[in-house]
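# Report on the structure
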Amino acid sequence: TQLLEQSPQFLSIQEGENLTVYCNSSSVFSSLQWYRQEPGEGPVLLVTVVTGGEVKKLKRLTFQFGDARKDSSLHITAAQPGDTGLYLCAGHGSSNTGKLIFGQGTTLQVKP
Amino acid sequence: NAGVTQTPKFRVLKTGQSMTLLCAQDMNHEYMYWYRQDPGMGLRLIHYSVGEGTTAKGEVPDGYNVSRLKKQNFLLGLESAAPSQTSVYFCASSSQGLAGQFFGPGTRLTVL
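Description of the structure in this document. This one's a predicted model, so the numbers in the text were calculated from it and none came from an experiment.

### Re the sheet that holds strand β7 (residues 65–67) of chain B
Residues and elements named next belong to chain B.
- An order of β1-β3-β8-β7 is seen for the four strands of this open sheet, with the pairing classed as antiparallel. In the strand order of this sheet, the two ends are held by β1 (4–7) and β7, each with one partner. Neighbour to neighbour, the strand axes of the sheet diverge by 20 degrees on average, direction disregarded.
- When β1 meets strand β3 (residues 19–25), the two strands line up antiparallel, connected through four bridges. Looking at the pairing, Val4 lines up with Gln25 of β3.

### Quick notes on the pairing of β3 of chain B
All names here are of chain B.
- Burial of β3 is one-sided: the residues Met19, Leu21, Cys23 and Gln25 facing one way are buried, the residues Thr20, Leu22 and Ala24 facing the other way are not.
- In this sheet, strand β8 (residues 73–78) lies alongside β3 in antiparallel orientation, the contact comprising six bridges. Bridge pairing in β8 links Leu21 to Leu76.

### Comments concerning the interface of chain B and chain A
- Each partner contributes residues to the interface: chain B has 20 residues there, and chain A has 22 residues.
- Contact between chain B and chain A buries roughly 1,600 Å² in total, counting both sides, with carbon and sulfur atoms accounting for 55%.
- Considering only the side of chain B, the residues that lose the most area to chain A are Leu43, Leu98 and Phe103 of chain B, jointly responsible for 31% of the buried surface there.
- The interface formed by chain B and chain A includes zero salt bridges.
- One can count four residue pairs in polar contact (both at pLDDT 80 or more) joining chain B with chain A.
- Elements that contribute at least two residues to the side of chain B that touches chain A include exactly β4 (31–37) and β5 (43–49) of chain B.
- Sorting elements by how many residues they give to the side of chain B that touches chain A places β4 of chain B first, with four residues.

### So, the environment of Gln6 of chain B
All names here are of chain B.
- Relative to the helices and strands, Gln6 resides in strand β1.
- Classification of Gln6 as buried rests on a relative accessible area of 6%.
- Separated by 52 residues in sequence, Gln6 and Gly58 place their C-alpha atoms 20 Å apart.
- Here Gln6 is in contact with Leu22, Trp34, Tyr89, Phe90, Cys91, Gly104, Pro105, Gly106 and Thr107, once residues within four sequence places are set aside.
- Reaching out from Gln6, the side chain makes a polar contact with the backbone oxygen of Tyr89 at a distance of 3.0 Å.
- There is a polar contact of 3.0 Å between the side chain of Gln6 and the backbone nitrogen of Cys91.

### Here's the deal with the pattern of salt bridges
- Applying the stated criterion across every chain, the model contains six salt bridges over all chains.
- The residue Glu38 of chain A makes a salt bridge to Arg36 of chain A at a minimum N-O spacing of 3.3 Å.
- The exposure class of Arg36 of chain A is buried, given its relative accessible area of 19%.
- In this structure, Lys71 of chain B engages Glu30 of chain B in a salt bridge whose closest nitrogen and oxygen atoms are separated by 2.9 Å. One end of the pair, Lys71 of chain B, is in the loop between β7 and β8; the other, Glu30 of chain B, is in the loop between β3 and β4, and 41 residues separate them in sequence.
- A residue is classified by how much of its surface remains accessible, and Glu30 of chain B, at 33% relative accessible area, is partly exposed.

What counts and how
Residues numbered from 1 in each chain as written. Chains lettered and ligands numbered in written order. Predicted model: local features only at pLDDT ≥ 70, side-chain atom pairs only at ≥ 80, totals over all residues. Heavy atoms only, no water. Pairing = 2+ DSSP bridges. Helix = DSSP H or I, 4+ residues; strand = E, 2+ residues; numbered from the N terminus. Axes fitted to C-alpha atoms, helices over the stretch in contact; angles between N-to-C directions. Buried < 20%, exposed > 50% of the residue type's maximum accessible area, 1.4 Å probe, protein only. Contact = heavy atoms within 4.5 Å. Buried area = accessible area lost by both parts, 1.4 Å probe. Salt bridge = Lys/Arg side-chain N within 4 Å of Asp/Glu carboxyl O. Polar contact = N/O pair within 3.5 Å; in protein donor to acceptor, adjacent residues only side chain to side chain.

Note that all results are geometric; they support no functional claim without further evidence.
So this is what it looks like as structure tokens:
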């Protein structure tokens, strides 16, 4: 069974600080996605990483896929209150069924 | 485009009652999914469909049934609701197996 472990589960920081969220597994994933979810809404896709070692940037957010495609990280630079939300990593296994394995999520609170 | 819509948004059931959750998407996506989200457990896949007329079991299928009679609709049924099915249910769709998924706003279900 493929599992994704996210850490930390909760993070409360001040505006302007940097942070990193980790997503780890003992299994290899064909691709990994990061979603952001706000209260009362569904998750929204932020990025998909496919190649081992791949780095993608989305404004102040930097996503990295591990060389072995077993882990990923999300780094936010100079966090803002608008970054507050639940961040979820999700991985695709080897089959093309669309089945995603989700991590437990990281709740981020950025205080002004 | 409305994207992915879900009906109803809220529902309270008594143990043993049945109900159907409706998901509709207007993006002509082949793949559709039903997830449940519980505190601290991320999203877990209940059932999914890779095309009209097809369905398959996900990670937690027991107590649920699904149907995909039309490409744009994916129905989730609970034949005899149990308190353990109290959760927030999300529907999602994607154009292909490894593409990002688009989520609906969710249905909050309480079973008393």
